[in-house]
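# Summary of the model geometry
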Number of protein chains: 2
Amino acid sequence: MANIRDVARLAGVSVTTVSRVLNDHPYVQEEKRQAVLAAIEESGYVKNLNAVSLSRGKTEMVGIVLPFTDHSYFAALLKGIAEEARIYSKKLVLFQTDYESDQEIKALEMLKHKQIDACIFCSRSSEWTVIEPYQSYGQIVMCEEMHENVSYTFIDQYQVFMKALHYLERKAFKRIGYCIGRRSGTNSEERERAYRDFLSSRKIPYNEAWIFDDCYHMQDGERVLEEIGRMSNKPDALLVTNDQTAAGILLTAEKAGLNIPEDLGIMGFENHPIAEMLSITTIDLPLEEMGRSLLRQAIKHEVEKKEVTVSLIERHTI
Amino acid sequence: MANIRDVARLAGVSVTTVSRVLNDHPYVQEEKRQAVLAAIEESGYVKNLNAVSLSRGKTEMVGIVLPFTDHSYFAALLKGIAEEARIYSKKLVLFQTDYESDQEIKALEMLKHKQIDACIFCSRSSEWTVIEPYQSYGQIVMCEEMHENVSYTFIDQYQVFMKALHYLERKAFKRIGYCIGRRSGTNSEERERAYRDFLSSRKIPYNEAWIFDDCYHMQDGERVLEEIGRMSNKPDALLVTNDQTAAGILLTAEKAGLNIPEDLGIMGFENHPIAEMLSITTIDLPLEEMGRSLLRQAIKHEVEKKEVTVSLIERHTI
DNA sequence: TTGTATGCGTTATCAT
DNA sequence: ATGATAACGCATACAA
């Protein structure tokens, strides 16, 4: 396969001149430019971007770390990231981690080894202390609030959860529980903190049984409702941190003959199309916008912290 | 940043020896190995995989071309691909194309430019004739039946559609229409061919109005049902090529007071959790398995054609 | 068992 | 304007 030297030889010029033509640099006679172009054509030359990366010290690729791709929350984030990446001509390298720490490390190692220029963590299970040292190898961007010297785009989960709780309170719900993906992680911990603060300010005892974790998909909603069915002391409303699970709860509840929201108030999160279709009251999360912001932060060198705001969409499950 | 030469100097050995240690090659004295290891530690050396790629002529990365990531069909395919990629230590470069041909070309150009070793097309809008020439630059794998000299993993859409039509016929549906993502593309054309063959063998006239395209999400189902509502001559059953749309149709129908399947039979495709939740009769598509197969084909050098089989899941919408 | 020298394909520097 | 040459960092055939 022809390389830049072959082209140079064929065109009767130096490799430098060929490189100039290739990269649209000035200072090359039209005559020689044509000769080079002809030689490229004749030899079927194609640039080896790998060599370019090595020489330039950059790959123009960004790593995306997320636990699952088959989940609407991350899919929406990814969509925004991909759209923005197209604008800046960045390529995306995907790391589907299943929340396994060693998979996250793989992404960081790739950053270290100069296979990617930057890395976006849509979510993580690794401790920040293991991620932090990798910052010296390239930009690392997080999708959660941090206090460190990192770029991030975030939603103030504490405020949002608190706002949702107040809304439920105004609607006269008294026994509020919540569903969440996992108990750990900044975002989850912020929500739990809001929940506990809310309860204690009202002198309501904290009830561990009303917190349901591992809630990601519709089936998880089914499971949650079954669990509630077995309880003697049932919650009368649930904050459900994703619309898929909320939909699962709603559909299962209706199948079971429950009246929503009379028997159980349901507040979703995301404002996914399914929430609109099922008329689920939810918190609209601007995920695609967040994705775009994350990518922009990944390619800029300064540290930037960006908060995005959410809005409550009133529908019929509260 | 230290490179392999620095390490060699520090350890008092040659770069070859360092390389041997780095790649676990035999023939290196334990003593020198330790010296190298120490030098690596001391210098904070990290391998530049970009240089490795250039030297080896491979990147161990595979491009994934798909129109959307926020769609369960492609998300499931991607999940399978990602799982298998992990096994073989391949990295994934994502191309979200929105079915824009020039985005597909970008992936092919990356193959040409040696940034990726292979490329998987989960779906495409480009003509095969524009893709085909790129085969000389690396393995290209398709997710549809081809007659060319390419590797692919496929579902016999003609057979599947025919099977579904026969099933509907047995269940006494007479006026069958269908919903599809897009009219073009091999898979869609195969389905249309089956549909037309079925109709003509029964001497049933073909009715363009009963074919609904641009059906990907739940809302599209809503739209379809609205359209049907305005028809004087309505279909009595629909083959819906994805469960999301099928769910949208079902939910909208129920909201409108229709009886399913009496007023409208609905057959989904994919067997997504939502189909189970809503008890939608559907065709189970082994998407994750297909994804895994696609990745394996991408990393092997021989041409391989693999068919996967599907099964009909009887539930309550037919 | 180890080292030398060369190749991988480009970009960048510095003359001219 | 153009070219020679040195990086970029690693792998490896071949020699010893």
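These lines cover the structure that appears in this document, whether it is placed above or below. Since the model is a prediction, treat every value here as computed from it, not as a measurement. (Residues numbered from 1 in each chain as written. Chains lettered and ligands numbered in written order. Predicted model: local features only at pLDDT ≥ 70, side-chain atom pairs only at ≥ 80, totals over all residues. Heavy atoms only, no water.)

The next point concerns the overall build of chain A. Within chain A one finds 13 helices and 12 strands. Since a compact globule built from 318 residues should have a radius of gyration of about 20 Å, the 26 Å found for chain A marks it as more spread out than a globular shape. Expressed along its principal axes, the backbone C-alpha trace of chain A runs to roughly 85 × 40 × 30 Å. Residues classed as buried in chain A amount to 56% of the 318 residues present. (Helix = DSSP H or I, 4+ residues; strand = E, 2+ residues; numbered from the N terminus. Rg over C-alpha atoms; globule rule 2.2 N^0.38 Å. Buried < 20%, exposed > 50% of the residue type's maximum accessible area, 1.4 Å probe, protein only.)

With that out of the way, let us pick up empty space enclosed by the protein. Across all of its chains, the model carries 3 cavities of 30 Å³ or more by this definition. If you add up the space inside the largest cavity, you get close to 180 Å³. Every residue lining the largest cavity is counted, 13 residues in all, and those nearest its centre are Arg86 and Lys90 of chain A together with Leu94, Phe95 and Gln103 of chain B. Those elements that place two or more of their residues in the lining of the largest cavity are α5 (72-87) and β2 (91-96) of chain A together with β2 (91-96) and α6 (101-112) of chain B. Of the residues contributing to the lining of the largest cavity, the split by class is 5 nonpolar, 4 polar and 4 charged. Its volume calculated, the second largest cavity comes out at about 70 Å³. (1 Å grid on protein atoms, 1.4 Å probe; cavity = no way out; pocket = protein on both sides within 12 Å on 5 of 7 lines; lining within 4 Å. Points joined across faces, edges and corners; volume = space filled by probe spheres on them. Nonpolar A, V, L, I, M, F, W, Y, C, P; charged D, E, K, R; others polar.)

Counting 156 residues, the largest nonpolar core has Ile64 and Ile120 of chain A together with Ile64 and Ile120 of chain B as its most contacted members. Not counting residues up to four positions away in its chain, the partners in contact with Ile120 of chain A are Val62, Gly63, Ile64, Val65, Ile81, Val141, Leu294, Leu295 and Ala298 of chain A. (Core = buried A, V, L, I, M, F, W, Y, C linked by side-chain atoms within 4.5 Å. Contact = heavy atoms within 4.5 Å.)

This next bit is on the protein's contact with DNA strand D. Around DNA strand D there are 26 residues in total, and Thr17, Tyr27 and Gln29 of chain A together with Ile4 and Tyr45 of chain B lie nearest to it. Within 4 Å of the protein, the contacting atoms of DNA strand D are drawn from sugar and phosphate to the extent of 63%. One of the side-chain N or O atoms of Thr16 of chain B is found 3.3 Å from a base oxygen in DNA strand D. Elements that contribute at least two residues to the surface near DNA strand D include exactly α2 (15-22) and α4 (49-56) of chain A together with α1 (4-11), α2 (15-22) and α4 (49-56) of chain B. A class-by-class count of the residues in the surface near DNA strand D yields 10 nonpolar, 11 polar and 5 charged. (Near = heavy atom within 4 Å. Polar contact = N/O pair within 3.5 Å; in protein donor to acceptor, adjacent residues only side chain to side chain.)

On to the interface of chain B and chain A. Residue-level contacts link 48 residues of chain B with 48 residues of chain A. Summed over both sides, the interface between chain B and chain A buries roughly 4,500 Å², with carbon and sulfur atoms accounting for 60% of that surface. For the chain B face of the interface with chain A, the top three residues by lost area are Asn50, Arg86 and Met277 of chain B, together amounting to 17%. For the pair chain B and chain A, the number of links is 6 salt bridges. For the salt bridge of Arg86 of chain A with Asp98 of chain B, the shortest nitrogen-to-oxygen distance reads 3.4 Å. There are 14 residue pairs in polar contact (both at pLDDT 80 or more) connecting chain B and chain A. At the level of secondary structure, the elements contributing two or more residues to the side of chain B that touches chain A comprise α4, α5 (72-87), β2, α6, α10 (218-229), α11 (243-255) and α12 (273-277) of chain B. Looking at the side of chain B that touches chain A residue by residue, the class counts come to 21 nonpolar, 13 polar and 14 charged. (Buried area = accessible area lost by both parts, 1.4 Å probe. Salt bridge = Lys/Arg side-chain N within 4 Å of Asp/Glu carboxyl O.)

Through backbone hydrogen bonds, the strands of a sheet pair up, either in parallel or in antiparallel fashion. All names here are of chain A. Taken in spatial order, the 6 strands line up as β7-β6-β8-β9-β10-β12 in an open sheet, and their pairing is mixed. Each having just a single partner strand, β7 (211-212) and β12 (311-313) make up the two edges of the open sheet. Here strand β9 (residues 265-270) pairs with strand β10 (residues 282-284) via 3 bridges, running parallel. Directly across from Glu270, in β10, lies its bridge partner Asp284. With respect to the sheet, helix α9 (residues 186-201) is in contact with β6 (176-179) and β7, its orientation differing from that of β6 by roughly 175 degrees. (Pairing = 2+ DSSP bridges. Axes fitted to C-alpha atoms, helices over the stretch in contact; angles between N-to-C directions.)

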